[in-house]
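Chain and residue survey
Chain residues, written in single-letter form:
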Amino acid sequence: MKQNVGLSDKQAQKLLTQFGFNEIVGKPRQTPFQIFFTQFTSLLVVLLIIASVASLFLGDLLDGIFILLIVIINGILGFIQEYKAEKTIAALKQMTVTAVRVIRGGVEQKIDSKLLVPGDVVILEEGDKIPADATLLESLHLETNEASLTGESMPVEKNVHGEGKRLIYLGTIVAKGRAKALVTSTGMQTRFGRIASSLSQIKEEETPLQKKLDVLGKQLGILAIVASGTVFIIGFFAKHPLIEMILTSISLAVAAVPEGLPAVITITLAVGMQRMAREKAILRKLSSIEALGSATVIATDKTGTLTKNEMRITRVWGDADKILTAGVICNNASLVFKHDHDTYDVLGDTTEGSFLLLAAEKGLLAEQVKRDGSLLEEFAFDPVLKMMTVVWESNKQKTIYTKGAPESVLKSCVLDEQSRQNVENEFREYAKEGLRVIALAYKNVEHTPKTRPAAERDLTFIGFVGIADPPREEVKDAIAVAEAAGIRTIMITGDNELTANAIGTKIGLIKIDEEIITGKQFEQLSDEEALGRLNSIRIFARTTPDQKLRIVQLLQKMGHVVAVTGDGVNDALALKQANVGVAMGITGTDVAKEAADMIITDDNYATLVTAVEEGRTIFDNIKSAVKYLVGCNVGEVIAVVIGMLLGWPLILTPLQLLYINLVTDGLPAIALAVTPKHDGIMKRKPRATKNIFSSLDGVWFLEVSVLTAVTTLVAFWVGQKLGSLELARAMAFTTIILVQHFILLDVWTRDSSILKKNIFADKIFLLAFFGPLMLQPLLIYIPLLSGIFRITQIPLIQLALVIPLSAVLLVSSEIRKAVFLRRNS
């Protein structure tokens, strides 16, 4: 095969400057000005601006100016939230890097696919996503899936001979075979890029949680319309000033609808995803967050996920020279020498790389071996057969080399029964030590076989190697954390049951009375039998991709929420089927990454457990913010409407309503949205209900709304009896502010374990909690501000009444928590 040296680094840099990055440029995100402008486009805000401008013309300068000021402050807060979320999401999109193997200056290397330029030579294997439009230079049994481009689901044959078959395209997938190709177009100049430039950006998907909250928002909108309409009608017939009633009705509608909710959800998701990315877990689909936090089973691979994937051959059984020759020739990996570390890096599969590393140590260089012969045929590794075979010619001698699982290779070899038994006993001893066993065989032929079965029969057994892959140190603790959180971990591996058991024992996965089962044994079970045994099976060994898919489906049938890890082409089915598909960032094929909901950039099981923890935190924070916003707003509306129905004057002025809305929908909601995770979050079982709120939450909403309304109305009534309307409003205004702070504290301490945390460590919460409390005395006791808000100073005796009145909610909350804890103890 012709060796291509590719571009030099200098040529590549020059072409990169000329053609730009190899990336599809989407529709630009909103500019800061656009984000700011959208804060003032909702119907309610527009009506409020019109009404406040009208009040200015009618001579009510203070109300008009300060209502406009509060609208602007609200807009600035909304802008800060959305702008931060936009920046975070944009940064997250840059974190998923697709690497590609290229030849530059005659040296194979791995680079970020966006650095590809026309003229680069790329190396492609089964499962790779084609990184640019290219022309084939060499190919072997190459087929590509062009469904993303043409909609055709069947693979398309590609080769260097046919004019049309020579071209491959960005975004398509190598379904079979391997190739070397010359990049012809990159980025927006590719076929995919030209199509993308003519289309508008696809709307970003909403999560099921966002859809549920959209419905909640609409329901609150209806409540707002009904409440504000009721207030306006009653006020109109009670002959209240028209402009005051218009302002009050609109202000009440603004207060009733939690306008900050969409921004709070966005910022919670964005900040949570950023935290996950820092922990090396990148979410590709927002919809997976709910499922991630609710996972009850993690079905994980062994190699590289539970183990370090630092493959090194530590034991050899058989003729070492023949084993290394076969291992080097029947191999698609390559080595890159790192001069600064005086070591080799493996490009490709690390198991194959272990043969190359041992050969290099013994002075057998893969490049020299491959230069002395030529590859005539290759049958790629088959996950069902668990073997790979090549036909090699050197010095006019054709030889077939096969490597793979020892039991599979043995079946293809000619051996007497005693020899076969001896070999089996030997490799089982290796497997018991936790070594991954790879066997090798060969035969000399006169002609290249036309079929795989013809190539893989009547072989001569060479020997086998034991490859050490130690468990990751952090995995044992991570499994224990998952178990405490009600999440069961199972291993699904292609390795034999002895190796899997050795690793499972070391990491504390397998327990007494738990089973290990092979794929063949599992295949013989009916669905009913399998469902009866799944709870006791901890390790599935020697499984095929189809068996892995069936395991996931049966677990889901039992009601489990399943997170599945995978890295190969054939794992795509199980990843798609899973509630959360998790692809490996280092060893994962592009096909696996496309099918997955999440990518773990360090291929580590412990990272997945951390991601579950973050998923739970994100959901809890969103739920807390929604509870706070809705609980505050509904109680506020009930208080104003009941006051009107009782024939009282307006218990709160438009300016007071808007100020309360500013205090409620601003910093407190953000503080709840970005609350750090707490120690107890992985000490509770997964969320069982599919609804956002439980029946207990429903009781909480009723309790909070009623207590908010009652305490506010009582404060207003006391103020009227003891003084004037201004005093009554001052007491109602102060009471509702205090009550909402007690609601905030109640929501923040939603889990008793969070009380173990130091409240003073959460600086955003402290600002949200104490900021409005420090402002309130200024509004009451500074004449200029109390005049603007149309309230009078509250005497200390009445103020002493307001504080315990507001604290009724906190007392109720503590009683509720005590009852709940007693029931669950």
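1. Details of the side chain of Thr 734
Structurally, Thr 734 can be placed in helix H28 (residues 725-748). Polar contacts involving the side chain of Thr 734 include one to the main-chain carbonyl oxygen of Ala 730, which spans 2.8 Å.

2. Side note on the side chain of Lys 386
Looking at where Lys 386 falls in the secondary structure, it is placed in the loop between strand S13 (374-382) and strand S14 (387-394). One buried charged residue, Lys 386, remains without a salt bridge, the closest side chain of opposite sign being Asp 382 at 7.8 Å. Beyond its immediate stretch of four places on either side in the chain, Lys 386 contacts Phe 381, Lys 403, Gly 404, Ala 405, Ser 408, Gly 494, Arg 542 and Thr 543.

3. Topic: the sheet that holds strand S8 (residues 281-283)
In spatial order, the strands read S8-S23-S22-S21-S9-S18-S20-S19; together these eight strands make up an open sheet with mixed pairing. Strands at the two margins of the open sheet, each flanked by one partner only, are S8 and strand S19 (515-518). The average undirected angle you get between the axes of adjacent strands in this sheet is 20°. Pairing geometry for strand S9 (residues 297-300) and strand S21 (residues 562-566), over three bridges, is parallel. In the sheet register, Ala 299 faces S21, and the bridge partner there is Val 564. Helix-sheet contacts for helix H21 (residues 545-557) involve S9, strand S18 (488-492), strand S20 (537-541) and S21, and the interaxial angle to S21 is about 170°.

4. Here's the deal with the packing of helix H11 (residues 320-329) against helix H12 (residues 350-361)
Between two packed helices, both the angle of their axes relative to each other and the distance between the axes serve to describe the pair. At a minimum axis separation of 9 Å, H11 and H12 run at an interaxial angle of 130°. What the angle tells us is that H11 and H12 run oblique. Viewed along their axes, H11 and H12 form a crossing whose handedness is left-handed. Residues Ile 323, Leu 324, Gly 327 and Val 328 of H11 form the contact with H12, whose own contacting residues are Phe 355, Leu 356, Leu 358 and Ala 359. In the contact of H11 with H12, the residues fall into seven nonpolar, one polar and no charged.

5. Overview of the packing of aromatic side chains
What the rule picks out here adds up to 17 aromatic pairs. Where Phe 33 meets Phe 37, the ring centres are 6.4 Å apart and the plane angle is 20°; that geometry is what we call stacked. Placement of both Phe 33 and Phe 37 in helix H2 (residues 32-38) is noted, with a separation of four residues, approximately one turn of the helix. Side by side, Phe 33 and Phe 37 carry an identical accessibility label, which is exposed. The interplanar angle of 25° and the centroid separation of 5.4 Å between the aromatic rings of Trp 648 and Phe 716 together place this pair among those described as stacked.

6. Focus on the confidence of the model for the protein chain
For the protein chain, per-residue confidence averages 83 on the pLDDT scale, and residues scoring 70 or more make up 85% of the total. Between residues 199-205, whose pLDDT stays under 50, and residues either more than four places distant or in other chains, the model counts eight contacts. Considering only residues more than four positions removed or in separate chains, one finds that residues 751-756, a stretch of pLDDT under 50, has 10 contacts.

7. Here we look at a nonpolar patch on the surface
On the surface, a cluster of nonpolar side chains totalling about 450 Å² of accessible area is made up of Ile 233, Phe 236, Phe 237 and Leu 242. Examining the composition of the nonpolar patch, we find that three residues originate from one element, helix H7 (residues 208-237), more than from any other. Exposure remark for Leu 242: the relative accessible area of 47% places this residue in the partly exposed category.

8. Examining the pattern of salt bridges
Summed over the entire model, instances satisfying the criterion amount to 26 salt bridges. For the salt bridge of Arg 550 with Asp 527, the shortest nitrogen-to-oxygen distance reads 2.9 Å. Here Asp 527 lies in helix H20 (residues 527-533) and Arg 550 lies in helix H21, a separation of 23 residues in the sequence. Residue classification places Arg 550 among the buried positions, given a relative accessible area of 18%.

9. Considerations on the sheet that holds S13
Strand order in this open sheet of six strands is S10-S17-S16-S15-S14-S13, and the pairing throughout is antiparallel. At either end of the open sheet lies a strand with only one pairing partner, and these are strand S10 (312-318) and S13. Taking the axes of each pair of neighbouring strands and ignoring which way they run, one obtains an average angle of 20° across the sheet. In this sheet, strand S17 (residues 460-468) lies alongside S10 in antiparallel orientation, the contact comprising six bridges. Within S17, the position partnered with Gly 318 by the bridge is Gly 463. On the sheet, helix H15 (residues 417-432) packs against S10, strand S16 (436-445) and S17 and is oriented at approximately 10° with respect to S17.

10. Brief notes about the environment of Glu 23
Along the polypeptide, Glu 23 turns up in the loop between helix H1 (9-19) and H2. Between the C-alpha atoms of Glu 23 and Met 188, which are 165 residues apart in sequence, the distance is 6.9 Å. In this structure, Glu 23 is in contact with Lys 114, Gly 187 and Met 188, ignoring residues within four places of it in sequence.

11. Concerning the packing of H15 against helix H18 (residues 497-506)
Direction vectors running N to C along H15 and H18 enclose 20°, while the axes themselves pass 7 Å from each other. By the angle class used here, H15 and H18 are roughly parallel. In the packing of H15 onto H18, the handedness of the crossing is right-handed. Note on element contacts: H18 touches H15 through Glu 497, Leu 498, Thr 499 and Ala 502, opposite Arg 428, Ala 431 and Lys 432. Residue classes in the contact of H15 with H18 are distributed as three nonpolar, one polar and three charged.

How each quantity is defined
- Residues numbered from 1 in each chain as written.
- Predicted model: local features only at pLDDT ≥ 70, side-chain atom pairs only at ≥ 80, totals over all residues.
- Heavy atoms only, no water.
- Helix = DSSP H or I, 4+ residues; strand = E, 2+ residues; numbered from the N terminus.
- Polar contact = N/O pair within 3.5 Å; in protein donor to acceptor, adjacent residues only side chain to side chain.
- Buried < 20%, exposed > 50% of the residue type's maximum accessible area, 1.4 Å probe, protein only.
- Lys, Arg positive; Asp, Glu negative; His and termini not counted.
- Salt bridge = Lys/Arg side-chain N within 4 Å of Asp/Glu carboxyl O.
- Contact = heavy atoms within 4.5 Å.
- Pairing = 2+ DSSP bridges.
- Axes fitted to C-alpha atoms, helices over the stretch in contact; angles between N-to-C directions.
- Parallel < 35°, antiparallel > 145°, perpendicular 65-115°, else oblique.
- Left-handed = near helix turned anticlockwise from the far one by under 90°.
- Nonpolar A, V, L, I, M, F, W, Y, C, P; charged D, E, K, R; others polar.
- Phe/Tyr/Trp six-rings, centres within 6.5 Å; stacked < 30°, edge-to-face > 60°.
- pLDDT = per-residue confidence, 0-100.
- Patch = residues over 30% accessible without salt bridge, like charges linked within 9 Å, V, L, I, M, F, W, Y side chains within 5 Å.
- Areas by Shrake-Rupley, 256 points an atom, 1.4 Å probe, with all protein chains shown as cover.

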